[in-house]
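Chain by chain, the residues run as shown.
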Amino acid sequence: MKKDEVLLNLQNAVVLANFEDALSWTGYGLKEGIPPFELITEGLSKGMINVGKKYEDGDYYVTDMILSSGAMNEALTILLPFLKKRKSKYLGKVVLGSVTDDIHDIGKNIVATMLIGVGFDVYDLGVNVSKEEFINKAIEVQADIVGASAFMSSTYLYQLDIKKALDEAGLTPKVKYIIGGGAVYRQWAREIGADGFANDALEAVNLCKSFVSAKGV
Amino acid sequence: MGANIDARINRLVDTIRNYQCNETFTSLKRYELNRQGSEVDRPNVILELTDHAAPMAQMTVEEICRDSKKLVCSQLTAMSDYKSDAPLLNFPDFYNIENEAVGQSVHYPENSLPVLIEPLIKTHKDLDRLRLPNLEQAGRIPQAIEIVRNFNEKLGSVCLGCGLVQGPWSMAAGLRGFKDLLYDTKRDIDFVHEILDYCVEVCVVYANALLSNGLDLVIFTDGWASIGECISPENFYRLVVPYTGRVFSRLPKKSAVWLGIWGIRNAPDWRDIIRGEIAAGTSAVFIGDPDCFSIDLAEAKRILVKHDVQLWVGVDAEVIRFGNIKERVSELINVASGGGVTVYANWVTYDCPPERVRCFVESVKSISSH
Ligand code: B12
């Protein structure tokens with residue numbers, strides 16, 4: 001089978017959230033000698049971008065995006081070990097988390113999957129993440145970008161605390177700080193001096209891409 | 001501390017009894033008249049506030065999540081200040097109680113809501129090991145029952161008693177982990193059905209225990225069943241409606257309200273979602289903010305009246321914290337006026353200034369009496 005066909009099948013597996021196909025086409029692609037990074041960027045990730053477009057057009061629900069990212073994650077479990085060996089392939093390093101007291105993570109997880117899909121090295125700290133945890137991780141992995149999610153009107157203020165902590169730790173402006181989540185608006189991002197805001201995962205990907213230049217890809 | 005807190009509770013009970021009895025109807029009477037289809041003076045107004053009540057009662061969130069008397073005291077403190085119609089008779093982290101009772105670990109931070117630590121069901125074997133909770137000793141269930149008893153004894157004849165529990169789908173999401181449960185709908189659908197079967201049994205046992213101890217209304221919160229955001233309409237009809245329906249069919253008639261399903265506006269036809277909820281046997285359909293401003297609420301009400309089902313409408317935490325409260329409330333009351341309506345504050349955040357909450361309750365009362 002031609003390489004393009006394999007990649008197309010992989011894209012479709014993601015679009016249709018077909019877990020089995022995502023795994024088997026990835027395995028097939030590897031066997032045929034398609035580089036893992038290409039399986040991700042030209043297969044899985046293009047599929048995920050289509051999913052994002054379908055969502056924007058109102059054809060897909062958030063839950064479809066979660067299922068598609070599940071199919072993609074399944075395939076990534078086979079591919080990521082190959083990539084870890086060749087770190088230079090990453091576009092950049094992103095530290096992500098939902099802020100203190102907030103356990104909402106559906107939106108943040110979609111952002112994380114999409115970022116991984118396009119070639120970022122993502123350190124997802126999970127939910128209820130303190131400003132110290134964000135800073136420590138950013139220092140530890142030498143992050144290019146720190147992203148904080150907040151979903152409630154009682155938790156979004158923590159995004160300001162993180163910004164202050166990044167400034168105090170001397171990480172900004174080198175490290176870019178981006179925010180998002182159900183409770184947050186563009187205006188808030190401007191007010192706290194964040195470097196960016198995204199309404200959805202596609203916008204988040206474009207934002208992150210705009211901050212980093214491809215490193216050795 | 002024991003005698004002290006009892007005295008505090010008793011004082012609060014007096015205040016609440018006074019203001020409830022000074023109105024045309026007490027909240028319990030209003031609710032009963034609503035249920036019979038009779039006209040009432042105004043909608044009952046209920047506040048979903050939990051952690052917000054802790055500092056009002058000079059307590060930490062952790063204290064009110066662990067101690068039943070402190071929980072009652074904090075709810076009554078908020079209620080007597082805000083003059084709302086019903087307290088929420090359960091611990092603030094109502095998405096955790098059933099799961100904790102069957103063995104899932106919960107982490108209790110000092111000043112925010114407790115969280116489930118990790119999924120309890122990782123394999124089929126884990127599910128096989130699970131049993132029904134023993135009501136006398138499982139997690140915080142004995143205390144949850146104690147809260148209801150305590151309230152019922154003191155205010156049960158005057159005030160509507162509501163308690164929050166979860167629907168089987170939300171409980172399953174906590175036990176299995178939401179992502180895995182959703183992925184299982186593609187990978188292993190039989191497993192999803194088996195987990196739901198188990199959750200139905202737990203929900204029935206728990207809800208009946210609360211009702212038989214004097215609770216008037218069990219509110220089944222189901223945030224994980226939010227349309228579009230957490231579940232597709234197809235899966236809602238396939239995996240949520242039938243199982244929740246099975247729970248409702250095993251409770252006393254009209255004792256359950258289904259709440260917290262956000263996003264009905266996302267469905268191809270919101271009417272179908274409402275019909276699904278009615279078919280499951282809920283005594284009221286909740287339409288939260290912003291759904292209630294995005295659909296034809298008057299039409300929703302007509303559908304519900306036809307089926308003798310009440311309407312609960314929501315006002316969002318964001319509006320109560322920052323927005324134009326009076327405008328929002330009058331918009332709602334204009335459409336959803338007449339009997340069978342309850343106004344529910346979707347949530348009051350921990351840091352919401354008290355004067356804004358007072359303004360919300362006052363607005364519902366004054367606008368609806370015009
Ligand atoms: C699902 C849900 C839950 C689930 C959580 C599931 C989970 N693990 O995330 C459960 C049921 C557990 C839950 C619990 C609670 N919830 Co809740 N929940 C929701 C719900 C229905 C959907 C949120 C969601 O996932 N949306 C879908 C995602 C994809 O959209 P999104 O978040 O906007 O994400 C996109 C963008 O924002 C962006 N993005 C996201 N993150 C980031 C990060 C960066 C860096 C960037 C650039 C972009 C970006 O990209 C994403 C993908 O496109 C909302 C209601 C609603 N309709 O929004 C309420 C809601 C958020 N919850 C609410 C509340 C109050 C609670 C509880 C307190 C309820 C309670 N009393 O217990 C608890 C919270 C406990 C806590 N400590 O956090 C309120 C918040 C009110 C407020 N304004 O403060 C809401 C708005 C409901 C309401 N109207 O009352 N909830």
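Model, not experiment: these values are computed from the prediction. (Residues numbered from 1 in each chain as written. Chains lettered and ligands numbered in written order. Predicted model: local features only at pLDDT ≥ 70, side-chain atom pairs only at ≥ 80, totals over all residues. Heavy atoms only, no water.)

### A look at the site of the ligand
Stage number 1. Near the ligand there are 42 residues, and of these His104(A), Asp105(A), Ser149(A), Phe151(A) and Ser153(A) occur at the shortest range.
Stage number 2. The residues that come close to the ligand belong to more than one chain, namely chains A and B.
Stage number 3. Contact between the ligand and Asp105(A): an oxygen atom at 2.6 Å from a main-chain N or O atom of the residue.
Stage number 4. Between an oxygen atom of the ligand and a main-chain N or O atom of Gly181(A), the distance comes to 3.2 Å.
Stage number 5. Elements with a minimum of two residues in the shell around the ligand: helix H5 (106-118), strand E3 (145-149), strand E4 (176-180) and helix H9 (201-211) of chain A together with helix H16 (317-322) of chain B.
Stage number 6. Element by element, the count of residues in the shell around the ligand is highest for H5(A), at four residues.
Stage number 7. Looking at the shell around the ligand residue by residue, the class counts come to 19 nonpolar, 13 polar and 10 charged. (Near = heavy atom within 4 Å. Polar contact = N/O pair within 3.5 Å; in protein donor to acceptor, adjacent residues only side chain to side chain. Helix = DSSP H or I, 4+ residues; strand = E, 2+ residues; numbered from the N terminus. Nonpolar A, V, L, I, M, F, W, Y, C, P; charged D, E, K, R; others polar.)

### With respect to unusual backbone geometry
Stage number 1. Backbone torsion omega between Thr172(A) and Pro173(A) reads 0°, so that peptide bond is classified as cis.
Stage number 2. Mapped onto the secondary structure, Pro173(A) falls in the loop between helix H7 (158-168) and E4.
Stage number 3. With omega at 15°, the peptide bond leading from Asp289(B) into Pro290(B) counts as cis.

### A word on the packing of helix H5 (residues 68-82) of chain B against helix H8 (residues 141-155) of chain B
All names here are of chain B.
Stage number 1. Here H5 crosses H8 at 50°, and the two axes come no closer than 9 Å. Judged on the interaxial angle alone, H8 and H5 are oblique. The handedness of the crossing between H5 and H8 is right-handed. On the side of H5, the interface is formed by Ser68, Lys69, Leu71, Val72 and Leu76, while H8 contributes Gln143, Glu146, Ile147, Asn150, Phe151 and Leu155.
Stage number 2. Its residues assigned to classes, the contact of H5 with H8 comprises six nonpolar, three polar and two charged. (Axes fitted to C-alpha atoms, helices over the stretch in contact; angles between N-to-C directions. Parallel < 35°, antiparallel > 145°, perpendicular 65-115°, else oblique. Left-handed = near helix turned anticlockwise from the far one by under 90°. Contact = heavy atoms within 4.5 Å.)

### What to know about the domain arrangement of chain A
Residue and element names in this part refer to chain A.
Stage number 1. Along its sequence, chain A is carved into domain 1 (3-85) and domain 2 (92-214).
Stage number 2. The C-alpha centroid of domain 2 is placed 24 Å from the C-alpha centroid of domain 1.
Stage number 3. Every contact between the two is made by 18 residues of domain 1 and, on the other side, 11 residues of domain 2.
Stage number 4. When domain 1 packs against domain 2, the two sides together hide about 1,100 Å² of surface, and 76% of this comes from carbon and sulfur.
Stage number 5. Area buried by domain 1 at its contact with domain 2 is led by Met48, Ile49 and Glu56, which between them contribute 26% of it.
Stage number 6. Taken together, the connections running from domain 1 to domain 2 amount to zero salt bridges.
Stage number 7. Our count for the contact surface shared by domain 1 and domain 2 stands at one residue pair in polar contact (both at pLDDT 80 or more).
Stage number 8. Per-class residue counts for the side of domain 1 that touches domain 2 are 10 nonpolar, five polar and three charged. (Domains from an automatic or database assignment. Buried area = accessible area lost by both parts, 1.4 Å probe. Salt bridge = Lys/Arg side-chain N within 4 Å of Asp/Glu carboxyl O.)

### Describing the nonpolar core
Stage number 1. With 170 residues, the main nonpolar core has Phe120(A), Phe220(B), Phe236(B), Ile274(B), Ile287(B) and Phe360(B) as its most contacted residues.
Stage number 2. Ranked by residue count, the leading element in this core is helix H11 (residues 189-212) of chain B, at 15 residues.
Stage number 3. When residues are assigned to domains, this core turns out to be shared by domain 1 (3-85) and domain 2 (92-214) of chain A, each giving three or more.
Stage number 4. Residues Val141(A), Ile162(A), Tyr177(A) and Ile192(A) belong to the second largest nonpolar core, which totals 27 residues. (Core = buried A, V, L, I, M, F, W, Y, C linked by side-chain atoms within 4.5 Å. Buried < 20%, exposed > 50% of the residue type's maximum accessible area, 1.4 Å probe, protein only.)

### Some words on the coordination of the cobalt atom of the ligand
Stage number 1. One donor from the polypeptide reaches the cobalt atom of the ligand: His104(A) (NE2), at 2.3 Å.
Stage number 2. Its place among the elements puts His104(A) in the loop between strand E1 (93-98) and H5. (Donors = N, O, S within 2.8 Å, 3.2 Å for Na, K, Ca; no water.)

### What about helix H2 (residues 19-31) of chain A?
All names here are of chain A.
Stage number 1. For H2, spanning 13 residues, the distance from its first C-alpha to its last is 19 Å, which sits close to the expected 18 Å at 1.5 Å a residue.
Stage number 2. Those residues of H2 lying buried are Phe19, Ala22, Thr26 and Gly29. The arc enclosing the buried residues of H2, seen along the axis, measures out at 100°, which places them on a common side. Facing away from the buried side of H2 by more than 90 degrees, the exposed set consists of Glu20 and Lys31.
Stage number 3. Here H2 starts with a cap whose side-chain oxygen sits 3.3 Å from the backbone nitrogen of Glu20, and that cap is Asn18.
Stage number 4. Within two residues after H2, Gly33 carries a phi angle of roughly 85°, on the positive side. (Expected span 1.5 Å × (residues − 1). Arc of directions from axis to C-beta.)

### Considerations on the interface of chain B and chain A
Stage number 1. Between chain B and chain A, the contact holds 27 residues from the first and 22 residues from the second.
Stage number 2. Of the roughly 1,900 Å² buried at the junction of chain B and chain A (both faces included), carbon and sulfur atoms supply 64%.
Stage number 3. Together, Tyr183(B), Lys186(B) and Glu318(B) form the three largest contributors to the area buried by chain B at its contact with chain A, with a combined 25%.
Stage number 4. Here Glu74(A) and Arg187(B) are joined by a salt bridge, their closest N and O atoms 3.9 Å apart.
Stage number 5. Taken together, the links from chain B to chain A amount to four residue pairs in polar contact (both at pLDDT 80 or more).
Stage number 6. If you tally residues by element for the side of chain B that touches chain A, the top one is helix H10 (residues 178-187) of chain B, at seven residues.

### Some remarks on the packing of aromatic side chains
Residues and elements named next belong to chain B.
Stage number 1. Under the counting rule described, the total for this entry stands at 13 aromatic pairs over all chains.
Stage number 2. For the pair Phe248 and Trp258, a centre-to-centre distance of 5.9 Å together with 90° between the ring planes defines the contact as edge-to-face. Placement of Phe248 in helix H12 (residues 233-249) and of Trp258 in strand E6 (residues 256-259) is noted, with a sequence separation of 10 residues between them.
Stage number 3. According to the relative accessible area criterion, Phe248 is buried, its value standing at 6%.
Stage number 4. Its relative accessible area of 1% is what places Trp258 among the buried residues.
Stage number 5. Clustering of aromatic rings is evident, with ring pairs tying together Phe220, Phe236, Tyr237, Phe248 and Trp258.
Stage number 6. Positioned above the aromatic ring of Tyr108, the side-chain terminus of Arg66 is 3.8 Å from the ring centre.
Stage number 7. One residue, Arg140, lies across the ring of Phe91, its end atom 5.1 Å from the ring centre. (Phe/Tyr/Trp six-rings, centres within 6.5 Å; stacked < 30°, edge-to-face > 60°. Lys NZ or Arg CZ within 6 Å of the ring centre and 35° of its normal.)

### Side note on the environment of Lys326(B)
All names here are of chain B.
Stage number 1. Along the chain, the position of Lys326 falls in helix H17 (residues 325-335).
Stage number 2. For Lys326, a relative accessible area of 53% corresponds to the exposed category.
Stage number 3. C-alpha of Lys326 to C-alpha of Cys359: the two residues are 33 residues apart in sequence and 7.9 Å apart in space.

### Here's the deal with the state of the cysteines
All names here are of chain B.
Stage number 1. Summed over all chains, the structure comprises zero disulfides over all chains.
Stage number 2. Here Cys203 stays unpaired: no disulfide links it, and the sulfur of Cys199, its closest cysteine neighbor, is 6.3 Å away.
Stage number 3. Here Cys359 stays free of any disulfide, with the sulfur of Cys352 as its closest cysteine sulfur at 10 Å.
Stage number 4. Overall, the relative accessible area of 24% leaves Cys359 in the partly exposed class. (Disulfide = S-S within 2.5 Å.)

### As for the sheet that holds strand E5 (residues 196-197) of chain A
Residues and elements named next belong to chain A.
Stage number 1. If you walk across this open sheet you meet the five strands as E2-E1-E3-E4-E5, and the pairing is parallel. Each edge of the open sheet is held by one strand with a lone partner, namely strand E2 (121-124) and E5.
Stage number 2. Where E1 lies against E3, five bridges are found, and the strand directions are parallel. The partner of Leu96 across the bridge, within E3, is Gly147. (Pairing = 2+ DSSP bridges.)

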